[in-house]
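Read off the chains here:
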Amino acid sequence: MRKVLEVARHEFIVNLKRPSFIITTLVVPLLGLVGVIVSAFFGGQAGEFLERQLVGTPKAVGYVDQVGLFTPPLPEYESLFIPYPSEQEAREALFNGEIEVFLLIPADYLDTGRVVAYSKGRGLPTAISVSEEWIRPFLVDHLLAGQVDEALRARVRAPMNLQPVSISPEGEGGGEGTASFVANIAIPYAFSILLVISIFSSSGFLLQGVSEEKESRVIEILLSSVTPMELLTGKILGLGALGLAQILFWLGCGWALIGIAVTGLALFGAINLDLTTIVLALVYFLLGYLLFATLMASAGSLGTSAREGQQIAGIFSGLAAIPFMVSGFLWTNPNSLLAQVLSYVPLTASIMMLQRLGMTEVPAYQIAISLVLLILGIIGALWAGAKIFRMGLLMYGKRPSVSEIWRALRQA
């Protein structure tokens, strides 16, 4: 045990001094600090700017009113909607750049509700211009103008101002405004990204160290003093402690920045972090790190050089990135069968579960199954990794074949 702790201490200190680790650790809270400073100086203007950039504002929209109910436009729509007497004139205005899209409202509109939108572009800007969000109020207001009370017309145009309320198991309700969105979705999702950075940076250091020691044949000197299992265990423990220290540092900085935002800004209101999510995040980080560290060490021992070891490890990195590739499906259904399956597969469980925890209430039995399977995956990886690690360390100049790896796994 003393030798294992000595190896762990050496790995922790050496990698703590790496410039890449220092830069990675400091750049995340610095970016958060920049965000707080920008919010402090610009206040609500920052949110409005982001909304303009992400949502956009449509250019002038032309329309041809063949039913005769929308001409002339109401005063509040004169700056955005431009009537044209014929479809040909609207087409000319479109190709001259005067408008970005024009609507053809046919004579049978009242019977069919059909409206045709013409544009010459494609992609998101055009989709925004023809969005119902902009067209529906125009149609509703003109159909009801002079027919109903102004207050009723305004309510039909915007029938609701939805205010979601979440109810805790204790029966307490709370509003789900911007602050709750940030706390419940954005922060856990961002934290999953930080977990990936930390897991793969620390595991990558392990891969790099094993590959370099093997390539320089320093590993022969080390193995004269420690066994392969002691060496592997010490490296995993040392870099695991390093990754955990990095996560705790980020958490401390994040907590401080949130405190500054809450006390110094009235931008988001109170932001509450779910303690259960944080605890589970740390648990999944530790388990995920143990799994990937073992796989990275095995990959480093199999390669004939550091570059070749990184190529082998790229297989595991690609598998771990799958949750981010399918994250679009999670927004619509975080409890889908695909999400559940990826929550159970050890290589994707850590990242997938953390993303789901921020989006929905994950059943306790799914968390339990995920943790059990992840632990079993770690045990299997340690068992197989120790054998491969021992076999690969002293092989120089060539990669072991599949039959040699299988033979090593079958040996007691």
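Criteria and thresholds
- Residues numbered from 1 in each chain as written.
- Predicted model: local features only at pLDDT ≥ 70, side-chain atom pairs only at ≥ 80, totals over all residues.
- Heavy atoms only, no water.
- Salt bridge = Lys/Arg side-chain N within 4 Å of Asp/Glu carboxyl O.
- Helix = DSSP H or I, 4+ residues; strand = E, 2+ residues; numbered from the N terminus.
- Buried < 20%, exposed > 50% of the residue type's maximum accessible area, 1.4 Å probe, protein only.
- Polar contact = N/O pair within 3.5 Å; in protein donor to acceptor, adjacent residues only side chain to side chain.
- Contact = heavy atoms within 4.5 Å.
- Phe/Tyr/Trp six-rings, centres within 6.5 Å; stacked < 30°, edge-to-face > 60°.
- Pairing = 2+ DSSP bridges.
- Axes fitted to C-alpha atoms, helices over the stretch in contact; angles between N-to-C directions.
- Patch = residues over 30% accessible without salt bridge, like charges linked within 9 Å, V, L, I, M, F, W, Y side chains within 5 Å.
- Areas by Shrake-Rupley, 256 points an atom, 1.4 Å probe, with all protein chains shown as cover.
- Core = buried A, V, L, I, M, F, W, Y, C linked by side-chain atoms within 4.5 Å.
- pLDDT = per-residue confidence, 0-100.

Remarks on the pattern of salt bridges
Part 1 of the reasoning: All chains considered together, the criterion is met by 2 salt bridges.
Part 2 of the reasoning: Here Glu6 makes a salt bridge to Arg9, at a shortest N to O gap of 2.8 Å. A residue pair is termed a helical-turn pair when its members lie 3 or 4 positions apart in one helix, as Glu6 and Arg9 do in helix 1 (residues 2-16) at 3 residues.
Part 3 of the reasoning: According to the relative accessible area criterion, Glu6 is partly exposed, its value standing at 40%.
Part 4 of the reasoning: Taking the relative accessible area as the measure of exposure, Arg9 reaches 45% and is therefore partly exposed.
Part 5 of the reasoning: In this structure, the salt-bridge partner of Arg91 is Glu87, at a minimum N-O distance of 2.9 Å.

Examining the side chain of Ser350
Part 1 of the reasoning: For Ser350, the location among the structural elements is in helix 17 (residues 346-359).
Part 2 of the reasoning: Looking at Ser350, the relative accessible area reads 7%, which means it is buried.
Part 3 of the reasoning: In terms of polar contacts, Ser350 uses its side chain to reach the backbone carbonyl oxygen of Tyr284, at 3.2 Å.
Part 4 of the reasoning: In this structure Ser350 touches Tyr284, Gly288 and Leu374, once residues within four positions along its chain are discounted.

Let's talk about the packing of aromatic side chains
Part 1 of the reasoning: Enumeration according to the criterion identifies 8 aromatic pairs in this entry.
Part 2 of the reasoning: A ring pair is formed by Phe102 and Tyr118, whose centres lie 4.8 Å apart and whose planes are at 15°; its orientation type is stacked. Of this pair, Phe102 sits in strand 3 (residues 101-105) while Tyr118 is found in strand 4 (residues 116-119), placing the two residues 16 residues apart along the sequence.
Part 3 of the reasoning: Of the aromatic side chains, those joined through ring pairs into one cluster are Tyr63, Phe70, Tyr77, Phe81, Tyr109 and Phe138.

A few points about the sheet that holds strand 2 (residues 81-83)
Part 1 of the reasoning: Pairing in this open sheet of 4 strands is mixed, and the strands run 2-1-3-4 from one edge to the other. Two strands lie at the open edges of the sheet, namely strand 2 and strand 4, each paired on one side alone. Pairwise comparison of adjacent strand axes, ignoring direction, gives a mean angle of 30° for this sheet.
Part 2 of the reasoning: In the sheet, strand 1 (residues 61-65) pairs with strand 3 via 5 bridges, with the strands oriented parallel. Counterpart to Tyr63 in the pairing with strand 3 is Leu103.

Topic: unusual backbone geometry
Trans is the common state for peptide bonds, and a negative phi is the common state for residues other than glycine.
Part 1 of the reasoning: With an omega dihedral of -5°, the bond running from Thr71 to Pro72 counts as a cis peptide bond.
Part 2 of the reasoning: Position of Pro72 relative to the elements: it lies in the loop between strand 1 and strand 2.

Section: a nonpolar patch on the surface
Part 1 of the reasoning: A contiguous nonpolar surface patch, about 620 Å² in accessible area, is contributed by Tyr365, Ile369, Val372, Leu373, Ile375, Leu376 and Ile379.
Part 2 of the reasoning: Here Leu376 lies in helix 18 (residues 364-393).

Considering the nonpolar core
Part 1 of the reasoning: Tyr284, Leu291, Ile367 and Leu374 are the most contacted members of the largest nonpolar core, which has 17 residues in total.
Part 2 of the reasoning: At the level of elements, helix 12 (275-302), helix 17 and helix 18 are the ones that each hand at least two residues to this core.
Part 3 of the reasoning: No other element matches the 6 residues that helix 12 contributes to this core.
Part 4 of the reasoning: The residues contacting Tyr284, other than those within four sequence positions of it, are Ala349, Ser350, Met353, Ile367, Ser370, Leu371 and Leu374.

Observations regarding the confidence of the model for the protein
Part 1 of the reasoning: Confidence in the prediction of the protein, expressed as mean pLDDT, is 74, and 67% of residues score 70 or more.
Part 2 of the reasoning: Helix 6 (residues 124-129) is the least confidently modelled element of the protein, averaging 46 in pLDDT, while strand 2 averages 92, the highest of any element.
Part 3 of the reasoning: The model gives residues 50-56 a pLDDT under 50, and that stretch makes 3 contacts with residues more than four places away or in other chains.
Part 4 of the reasoning: Within the model, pLDDT remains below 50 along residues 264-271, and this stretch shows 19 contacts once partners closer than five positions in the same chain are excluded.

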